[in-house]
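Here is how the chains run, residue by residue.
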Amino acid sequence: MFSWFAKIKIFYISKTMTPRDYRLHELNEDEFEKLVVRICVRWLGEGVSPFAKGKDGGRDGKFHGTANSFPSETSPYSGHFVLQAKHVGAPNKSCSDSDFATLLRKEHPKIERLKNQGICDHYLLFTNRKYSGGTDEKYMKELSALGITSANIIGVEKLHITLDDNADIRETLPNQLAPSPLRFDADDLVEVIRALSEYTKDHTDSVFQSAIDFGKLKTPLKNRLNGVSDEYYRQMIVAQSMQHFERVGQFLQNPRNEEFAALYHDAADELKQKIITNRSQFDTFDDIFTYMYEQIQQKKDALRGKRRLITLLLHYMYVNCDIGIKQQDESKDLTYADA
């Protein structure tokens, strides 16, 4: 049997970071096509022609020449490229779904016709669906049979990586610019919550009990400065979250968790600035807690079975003065009792 410490060590050695989710399903077809064009200009070159409607009603983009960096800078493809964008409005669709297989097979006659006309050497299909290796093998065999030099399906995973690496393209996403009461990037907090869940899963609630006497706590000045109601503070923060704060603090202070502590502080810094800027759009800080929870819990796949920790981490941020207005006396050290 492994000790809980050994299990944690194995987890950190083997863990991989969850890719950021740019919610590409929120785009419409035109917006997705524009995103694909921007990526293709980066990969192929300025000669990329945007998507235009063909005689069959389909929309294709094209490029002729030697690519800048596709599939790599050292061995770029050259010739006629045909580009297609297949967008879906649902967040959890996959290329292994039967509807995508049917959609792709309908493209075969067009690809073959363009190949015979000498204007399709390389076929690139972009989709915001999930794309697995097993699916790739099946589709590549069918597309290669059409006689083209190369076939490439770029799924949502590759699109996310490309957006990670290209801030100028990432910043053009309409859903990143859309007005919102408080827009923030939840991915860093998702990573912290996942690690915190792994860190604590072998412990019973009794292990987490703090030595604080909750009955003696007085409503802190911080609540009045920020607009947290007495009811929310006592029923949510004190009764449900504060008993676990000591363990959260241990997790963040553990040298083995340095990477996650850095993510935590980056996220807290962003939230603090966004809250200060947008505070007037919320009646109470209770509403801010609710809004932040709703935004983070949308990462349902990554947080399955862990969403209870969202509120805990947000409350810890608040009481630890990582978010919200601090006491007017900045020189005084903040404790749980006088926060």
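Now for a description of the structure that goes with this document. (Residues numbered from 1 in each chain as written. Predicted model: local features only at pLDDT ≥ 70, side-chain atom pairs only at ≥ 80, totals over all residues. Heavy atoms only, no water.)

**Here we look at the overall build of the protein**
Phase 1 of the analysis: The helix and strand inventory of the protein stands at 15 helices and five strands.
Phase 2 of the analysis: Accessible surface for the protein amounts to roughly 17,600 Å². Of this, 49% is attributable to carbon and sulfur atoms. (Helix = DSSP H or I, 4+ residues; strand = E, 2+ residues; numbered from the N terminus. Areas by Shrake-Rupley, 256 points an atom, 1.4 Å probe, with all protein chains shown as cover.)

**Topic: the pattern of salt bridges**
Phase 1 of the analysis: Considering all chains together, one arrives at twelve salt bridges under this definition.
Phase 2 of the analysis: Arg-129 is paired through a salt bridge with Asp-97; the nearest N and O atoms lie 3.7 Å apart. Here Arg-129 is found in the loop between strand 4 (122-127) and helix 4 (133-144), whereas its partner Asp-97 is found in the loop between strand 3 (78-86) and helix 3 (98-116), with 32 residues between them in sequence.
Phase 3 of the analysis: The shortest N-O distance in the salt bridge between Asp-99 and Arg-129 comes to 3.0 Å. Taken together, the residues span a long stretch of sequence, with Asp-99 in helix 3 and Arg-129 in the loop between strand 4 and helix 4 at a distance of 30 residues.
Phase 4 of the analysis: Residue Asp-99 is classed as partly exposed on the basis of its relative accessible area of 34%. (Salt bridge = Lys/Arg side-chain N within 4 Å of Asp/Glu carboxyl O. Buried < 20%, exposed > 50% of the residue type's maximum accessible area, 1.4 Å probe, protein only.)

**Overview of the sheet that holds strand 5 (residues 150-154)**
Phase 1 of the analysis: Spatial ordering of the open sheet is given by 1-2-3-4-5, a layout of five strands whose pairing is mixed. The two strands at the open ends of the sheet, each matched to only one other strand, are strand 1 (49-53) and strand 5. Each strand axis lies, on average, 20 degrees off the axis of its neighbour in the sheet, ignoring direction.
Phase 2 of the analysis: Direction of pairing for strand 2 (residues 59-66) relative to strand 3: antiparallel, over a ladder of six bridges. Paired with Thr-66 across the two strands is Ser-78, which belongs to strand 3. (Pairing = 2+ DSSP bridges. Axes fitted to C-alpha atoms, helices over the stretch in contact; angles between N-to-C directions.)

**Re the packing of aromatic side chains**
Phase 1 of the analysis: Under the defined criterion, the tally for this structure stands at 14 aromatic pairs.
Phase 2 of the analysis: Taken together, the ring pairs connect Trp-43, Phe-70, Tyr-77 and Phe-126 into an aromatic cluster.
Phase 3 of the analysis: Directly above the ring of Tyr-318 sits Lys-222, whose terminal nitrogen or CZ lies 4.6 Å from the centroid. (Phe/Tyr/Trp six-rings, centres within 6.5 Å; stacked < 30°, edge-to-face > 60°. Lys NZ or Arg CZ within 6 Å of the ring centre and 35° of its normal.)

**A word on the environment of Met-242**
Phase 1 of the analysis: If you trace the backbone, Met-242 turns up in the loop between helix 11 (230-241) and helix 12 (245-253).
Phase 2 of the analysis: When the C-alpha positions of Met-242 and Val-319 are compared, they lie 8.7 Å apart, and in sequence the two are 77 residues distant.

**Some details on the packing of helix 12 against helix 15 (residues 308-319)**
Phase 1 of the analysis: It is at 10 Å that the axes of helix 12 and helix 15 come closest, and there the two elements cross at 85 degrees. When the axes of helix 12 and helix 15 are compared, the pair comes out roughly perpendicular. Side by side, helix 12 and helix 15 meet where Phe-245, Val-248, Gly-249 and Leu-252 of the first sit next to Leu-312, Leu-313, His-315, Tyr-316 and Val-319 of the second.
Phase 2 of the analysis: Classifying every residue of the contact of helix 12 with helix 15 gives seven nonpolar, two polar and no charged. (Parallel < 35°, antiparallel > 145°, perpendicular 65-115°, else oblique. Contact = heavy atoms within 4.5 Å. Nonpolar A, V, L, I, M, F, W, Y, C, P; charged D, E, K, R; others polar.)

**Description of unusual backbone geometry**
Phase 1 of the analysis: Between Phe-70 and Pro-71 the backbone carries a cis peptide bond, its omega angle lying at 0 degrees.
Phase 2 of the analysis: Here Pro-71 shows up in the loop between strand 2 and strand 3.
Phase 3 of the analysis: Despite not being glycine, Arg-23 shows a phi value in the positive range, around 50 degrees.
Phase 4 of the analysis: Taking relative accessible area as the criterion, Arg-23 reaches 18% and is therefore assigned buried.
Phase 5 of the analysis: Even without glycine at this site, Cys-321 takes up a positive phi of about 65 degrees.
Phase 6 of the analysis: Residue position: Cys-321 is located in the segment after helix 15.

**Quick look at the nonpolar core**
Phase 1 of the analysis: Core analysis: the biggest nonpolar cluster contains 46 residues, and Ile-237, Phe-289, Met-292, Ile-296, Leu-314 and Met-317 have the highest contact counts within it.
Phase 2 of the analysis: Contributions of two or more residues to this core are made by helix 8 (187-200), helix 11, helix 12, helix 13 (258-278), helix 14 (285-296) and helix 15.
Phase 3 of the analysis: Considering each element in turn, this core owes the most residues, nine residues, to helix 15.
Phase 4 of the analysis: Counting residues in hydrophobic clusters, the runner-up holds 27 residues, among them Trp-43, Phe-51, Ala-67 and Phe-81. (Core = buried A, V, L, I, M, F, W, Y, C linked by side-chain atoms within 4.5 Å.)

**As for the pairing of strand 3**
Phase 1 of the analysis: The buried count for strand 3 comes to seven of nine residues, which makes it a mostly enclosed element.
Phase 2 of the analysis: Relative to strand 4, strand 3 is paired through six bridges, and the arrangement is parallel. Bridging across to strand 4, Leu-83 finds its partner in Leu-124.

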